[in-house]
Amino acid sequence: MFANYIKTALRNIFRHKTYVIINILGLAVGFACSLLIFLFVIHELSFDKFNEKYDRIYRLYLVGKFGESEFKGAWTAAPTAKAFVDEFPEVETAIRMQRWDESLIRIDDRKFIESKIALADSGFFSMFSLDLLQGDPAKALSQPNSVVLTQSQTKKYFGNEEVMGRHLRIGNDTNLYTITGIMEDVPENSHFEFNILISFLTHPRAHDDFWLSNSFATYVLLRENTSLKTVESKIPHIIEKYVGPQVEQVLGMDLQAFTSAGNEYGIFMQPLSDIHLNPAIEADSKRPSDRKYIYVFSAIAFLILIIAAINYMNLSTARSARRSREVGLRKVVGSTKGMLVGQFILESVLLTLISTGIAIVLVELLLPLFNNMLQTNLRIGYFSRWYVIPGLLLLTLLVGFISGSYPAWFLASFAPVKVLYGKLKVGLSNTVVRSTLVVFQFLFSIALILSSLVIYKQIRFMLDKDMGFDKEQLLVIRRADGLTSKIQPFKDELKKIPDVVSVANSTAVPGYPNNNNGFQIEGKPAEQTYLLNVNWVDYDYLSTYNIRLLEGREFRRDFPSDSVGMIINEEAVRRFGLKDPFNTRFIQPGATVDQRVYMNVVGIVKDFHFQSLQNEILPHVFILKPEKWDWAGYLTIRVGKDNMSKTISQIEKTWNEFTGDEPFQYFFMDQEFEKFYKEEKRTSKIALAFSILSIFIACLGLFGLTSFATEQRAREISLRKVMGSSEGGIVLLFTREVTLLIAISTLPAWLLSYFFLKKWLQNFSYHIGLGPVEFIASLVIVMAIALVTVSYRTYRAAHMNPAEVLKYE
């Protein structure tokens, strides 16, 4: 009996080709869009869940306030991990990690550049669920200069050779590193990434007992059934016991006086589940996503599904006149309302099931393009994930049921007498529910288009805004340490190249800052600390970056006192309330009070953006970099616009002459800054792509509704033509209805978008305003597409010969 129901349902579905094509295409595109977004959302939510101890792992982070400057970052001191294990019985183990800079790897006479390198303590493998394929998990990282390679990296370096116990060199370190293990590749959905893992004991500060220098990530594993609140309640004791004495030693005050002055210093615990979706906590790991984008993308997916479902509802009720006689006859021969409802919902579910199959094919075809657009590696995994197939079936049944429920009840409610006597009238113009659904479709479409326009404009604003320095034509060499002590001779040689304008050396460049350092100010209370972002630079830095000097002077070689001089930005003057900056001395803390360094302000520069526009401008200080310093940092070269390829070749040639076998690696500052807006660009692409598809689905439904309406009103159209109406007048008659529906949907769409976009823009310290242009443009775009769709179908109907329609009247 059920088989007969299915046969009947399929026969009814495929009875009208236009209806089938429009409905299946609309639902298939809607399903495909939603599946792609859901794949992305699931991928983002699955970060770090491969860890078996996922719910017991926490990363420590520091929350501090020095004077007017506040910070929140996953940086801790070297002795923090040991203190947590020693002081808290609830902590099973704790490890430290740090990402290493890009380095040159030497294996025999072969060289490789590797950017994904990390250091970790020996407890790494007992905390994280990453299998060690060869080696002892407890001992692989227990000795300095021990190295564990990932499986893919091992194959890259050695092919199928035996590697355990072999040696390699890293960077300029003369020590040999011993391979003590081979591990599985780090999953793509991990918040950290590396191909080479080095024993943390290799770090020169591994045994450091200084608590006021925070630059390492610390992870703790709590014992089972341990309360997080219990552990966090004990953390102030650690700060008082270990940090307090060192604050007094360095700043000359106790911890209570330090905090009473308005300063803060606290250690907190961040669940592993929160790391990837919380950009508020800065960290030296893979850039996190933002939880709000997960909500936005999920909402887009549901909206597109709703638009596709509305299409089905509208088209089903629009063709109700065609099926009214069928309903009447069925009721006459004994079919109950429940039986009819079941029949119509079954048709809806079957049509949705067919659409899902087509959607899966579309997803497989579009997935490579989608991955390329988002710079990710999504895959469906039908059988590798238990929930995929049940989830698809459940979603299909749900959408099929919801889409078919209203049309089913609507059709099943027809009275047999009215139907069989031809007294039932159902049309497009007088159906309030159908018009309401169309309004909702265009409401969502206008909101998506408007959001896309504003997001795109904000990204253009960030890319085009004056950063306070000239980021064009700046070539930055990443690894200046290859020059060792020959930086100045190298600079002198580069200046001989015709298109090299200037060269500067620094420990930081825009986008890649150093850590913030705390200073005191002479004459102000000792407990007040002032946080500045420090960049050690040479004499040519400001001129190379074209940073505008407002007062004072740049560093000069004929001023020996510049070794204790500093150049600050406007924000430092404003935030610290400096009335007379040039007669103000900053105090740089030392290991003890006697080792403090007094520094004079010699210049003030105009505020500039050292990081992306998502970050506010903070107090910044330039300090003269000692010429004989192990920390080489970066080399920035301003080059001319002409003969770029030739100039780069000459720079590389000079580099090779000075460094021998060191790779020449560089980036252009303007291109590098664009990478900082990856998340926003990704959001913009998704919003734009799915806005277009949502309009396509909505207009597909509109095309179908117009087709049925013109078919229903064919006699009316013919009579109007006979009575003298023009084709344009008939087109206007139909487009007027659509224009009214879009006009009704515009105001709520604008209001919803306004509140969402206003809140989204607040995430940026510097952003555009919401003006009328984008709002009007969203309406014009949707209106134009909808009117073209309706006009095309109506014009075809109006162009028909009236005699063909009226010949039987």
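Cut-offs applied
- Residues numbered from 1 in each chain as written.
- Predicted model: local features only at pLDDT ≥ 70, side-chain atom pairs only at ≥ 80, totals over all residues.
- Heavy atoms only, no water.
- Helix = DSSP H or I, 4+ residues; strand = E, 2+ residues; numbered from the N terminus.
- Buried < 20%, exposed > 50% of the residue type's maximum accessible area, 1.4 Å probe, protein only.
- Contact = heavy atoms within 4.5 Å.
- Areas by Shrake-Rupley, 256 points an atom, 1.4 Å probe, with all protein chains shown as cover.
- Axes fitted to C-alpha atoms, helices over the stretch in contact; angles between N-to-C directions.
- Parallel < 35°, antiparallel > 145°, perpendicular 65-115°, else oblique.
- Left-handed = near helix turned anticlockwise from the far one by under 90°.
- Nonpolar A, V, L, I, M, F, W, Y, C, P; charged D, E, K, R; others polar.
- Core = buried A, V, L, I, M, F, W, Y, C linked by side-chain atoms within 4.5 Å.
- Pairing = 2+ DSSP bridges.
- 1 Å grid on protein atoms, 1.4 Å probe; cavity = no way out; pocket = protein on both sides within 12 Å on 5 of 7 lines; lining within 4 Å.
- Points joined across faces, edges and corners; volume = space filled by probe spheres on them.
- Patch = residues over 30% accessible without salt bridge, like charges linked within 9 Å, V, L, I, M, F, W, Y side chains within 5 Å.
- Salt bridge = Lys/Arg side-chain N within 4 Å of Asp/Glu carboxyl O.
- Phe/Tyr/Trp six-rings, centres within 6.5 Å; stacked < 30°, edge-to-face > 60°.
- Arc of directions from axis to C-beta.
- pLDDT = per-residue confidence, 0-100.

The subject of this paragraph is the overall build of the chain. Scanning the chain from N- to C-terminus turns up 24 helices and 24 strands. When burial is assessed residue by residue, the chain has 53% of its 809 residues classed as buried. A fraction of 80% describes how many contacts in the chain between residues 6 or more apart in sequence connect residues 24 or more apart. Surface summary for the chain: the accessible area is close to 36,800 Å², and the carbon and sulfur share equals 57%.

It is worth spelling out the packing of helix H15 (residues 487-494) against helix H18 (residues 644-659) at this point. In contact at an axis separation of 10 Å, H15 and H18 are set at 150 degrees when each is read in the N-to-C sense. Taken together, the axes of H15 and H18 lie roughly antiparallel to each other. Considering how the two elements wind past one another, H15 and H18 form a crossing that is right-handed. Contacts from Pro-489, Phe-490, Glu-493 and Leu-494 of H15 reach H18 at Ile-651, Thr-654, Trp-655 and Phe-658. A class-by-class count of the residues in the contact of H15 with H18 yields six nonpolar, one polar and one charged.

Nonpolar side chains tend to gather and get buried jointly when the protein is soluble and globular. Membership of the largest hydrophobic core comes to 104 residues, with the highest contact counts inside it found for Phe-297, Tyr-541, Tyr-545, Ile-547, Phe-622, Met-669 and Phe-690. Not counting residues up to four positions away in its chain, the partners in contact with Phe-622 are Asn-535, Val-537, Tyr-541, Leu-542, Ile-547, Phe-555, Gly-565, Met-566, Ile-567, Val-605 and Phe-608. Phe-66, Phe-84, Phe-258 and Met-269 belong to the second-largest nonpolar core, a separate cluster that totals 30 residues.

Among the secondary structure elements, Leu-132 is positioned in strand E7 (residues 132-134). Under the relative-accessibility criterion, Leu-132 is labelled buried at 16%. Each C-alpha atom, one on Leu-132 and one on Ile-182, is 5.9 Å from the other, the two residues being 50 residues apart in sequence. Apart from residues no more than four positions distant in its own chain, Leu-132 is found in contact with Phe-125, Pro-137, Ala-140, Val-148, Gly-181, Ile-182 and Met-183.

Each regular strand shows side chains that alternate between the opposite faces of the sheet. The side-chain alternation of strand E6 (residues 117-120) yields two buried faces, one formed by Ile-117 and Leu-119 and the other by Ala-118 and Ala-120. In this structure, strand E3 (residues 91-100) lies alongside E6, joined through four bridges in antiparallel fashion. Bridge pairing links Met-97 to Ala-120 in E6. By the bridge criterion, four bridges tie E6 to strand E11 (residues 196-199) in an arrangement that is parallel. If you follow Leu-119 over to E11, its bridge partner there is Ile-198.

Let's shift gears to unusual backbone geometry. The phi torsion at Gln-473 lies on the positive side, around 65 degrees, for a residue other than glycine. Positionally, Gln-473 belongs in the loop between helix H14 (432-464) and strand E14 (474-477).

Left-over empty space is what a probe sized like a water molecule reveals as it rolls over the atoms. Counted according to the given criterion, the structure contains three cavities of 30 Å³ or more. The calculated volume of the largest cavity comes to roughly 140 Å³. Lining of the largest cavity is provided by 13 residues; of these, Phe-610, Gln-611, Glu-616, Ile-617 and Leu-618 occupy positions nearest its centre. Among the residues making up the lining of the largest cavity, the classes are represented as five nonpolar, seven polar and one charged.

A cluster of nonpolar side chains, Leu-353, Phe-383, Ile-389 and Leu-393, forms an exposed patch at the surface whose accessible area comes to about 430 Å². With respect to the helices and strands, Leu-353 occurs in helix H11 (residues 337-374).

On to the packing of aromatic side chains, then. By the definition in use, this model includes 33 aromatic pairs. Seen from their ring centres, Phe-124 and Phe-125 are 5.2 Å apart, and the 90 degrees between their planes marks the pair as edge-to-face. Both residues of the pair, Phe-124 and Phe-125, count as buried. Seen in terms of ring centroids, Trp-211 and Tyr-242 are 5.1 Å apart; in terms of plane orientation they differ by 20 degrees. Their pairing is stacked. Taken together, the residues Trp-211 in the loop between E11 and strand E12 (217-222) and Tyr-242 in helix H6 (residues 228-251) connect sequence positions 31 residues apart.

With that out of the way, let us pick up the pattern of salt bridges. Enumeration over the complete set of coordinates arrives at 23 salt bridges. Between Glu-774 and Lys-457 there is a salt bridge, with its nearest N and O atoms 3.0 Å apart. One end of the pair, Glu-774, is in helix H23 (residues 772-798); the other, Lys-457, is in helix H14, with 317 residues separating them in the sequence. For Lys-495, the salt bridge identified is with Asp-540, shortest N-O distance 3.6 Å. Of this pair, Lys-495 sits in the loop between H15 and strand E15 (500-506) while Asp-540 is found in the loop between strand E17 (530-537) and helix H16 (541-545), placing the two residues 45 residues apart along the sequence. Residue classification places Lys-495 among the partly exposed positions, given a relative accessible area of 38%. Among the ionic contacts, a cluster of salt bridges with common partners joins Glu-571, Arg-574, Arg-575, Asp-607 and Glu-616.

This part covers H15. Among the residues of H15, Ile-487, Phe-490, Lys-491 and Leu-494 are the ones counted as buried. Seen end-on, H15 carries its buried residues on one side only, within an arc spanning 100 degrees. Buried-residue contacts for H15 involve E14, E15, strand E23 (634-639) and H18.

What follows deals with the packing of helix H3 (residues 80-87) against H6. Where H3 meets H6, the axes come as close as 11 Å, and the angle between the chain directions of the two elements is 120 degrees. By the criterion of interaxial angle, the relationship of H3 to H6 is oblique. In this structure, H3 meets H6 at a crossing whose hand is right-handed. In this structure, H3 contributes Ala-83, Phe-84 and Glu-87 to the contact, and H6 contributes Ile-235, His-237, Ile-238, Lys-241 and Tyr-242.

What follows concerns the confidence of the model for the chain. Mean pLDDT over the chain stands at 82; residues scoring 70 or higher make up 85%. Least confident of the elements in the chain is helix H13 (residues 416-420), whose mean pLDDT is 52; most confident is strand E8 (residues 146-150), at 95.

On to the side chain of Ser-146, then. As for its placement among the helices and strands, Ser-146 is situated in strand E8. When residues no more than four places from it in sequence are discounted, the contact partners of Ser-146 are Ala-140, Leu-141, Thr-178, Thr-180, Leu-197, Ile-198, Ser-199 and Thr-202.

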